[in-house]
Amino acid sequence: QVQLVELGGGPVQAGGSLRLSCTASGNNFYRLAMGWFRQTQGEEREFVAGISRSGSDTQFADSVKGRFFISRNNAENEVALQMNNLKPEDTAVYYCAADYSAWLDQTNRVRTDQRNYGYWGRGTQVTVSS
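Residues numbered from 1 in each chain as written. Predicted model: local features only at pLDDT ≥ 70, side-chain atom pairs only at ≥ 80, totals over all residues. Heavy atoms only, no water.

## Describing the pattern of salt bridges
One pass over the full model with this rule turns up seven salt bridges. For Asp 62, the salt bridge is made with Lys 65, and the minimal N-O distance between the two is 3.0 Å. A relative accessible area of 66% means that Asp 62 is categorised as exposed. Salt-bridge contacts for Arg 111 lead to Asp 105; the nearest nitrogen and oxygen are separated by 2.5 Å. Taking the relative accessible area as the measure of exposure, Asp 105 reaches 46% and is therefore partly exposed. (Salt bridge = Lys/Arg side-chain N within 4 Å of Asp/Glu carboxyl O. Buried < 20%, exposed > 50% of the residue type's maximum accessible area, 1.4 Å probe, protein only.)

Right under this line is the structure:
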């Protein structure tokens, strides 16, 4: 069982930046592809960014390309999401998630379908004001 804890959310003005971090429990972090998803009240949860087990592949939603960046530090069991030039439409609860199926399939590709992610953090609120 993997437990994920997100940190770094909060209020920010449009155009500002935030850095979210997620720390995973356990000794097999290297087996996990990692992703960030977000959800607005009344809407479906959507993929934001993902990074493969080794970090060799990253994927981003079109809405955040060029503004958000994802990285991981396997020595620290950590994945981070750097969010720049934030917009009001980025307001959401952001969730860290882990995909073990990447290890089972021995793939270095990021999966964007949330059904592949079996472990989820509690989420952290990001509120962007204009």
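There's more to say after this.
## Details of the pairing of strand β8 (residues 78-83)
With six bridges connecting them, strand β3 (residues 18-24) and β8 associate as antiparallel partners. Opposite Thr 23, over in β8, you have Glu 78 as the bridge partner. Of the pairings in the sheet, the one linking strand β7 (residues 68-73) to β8 comprises six bridges and is antiparallel in character. By the bridge assignment for β8, Phe 68 is matched with Met 83. (Pairing = 2+ DSSP bridges. Helix = DSSP H or I, 4+ residues; strand = E, 2+ residues; numbered from the N terminus.)

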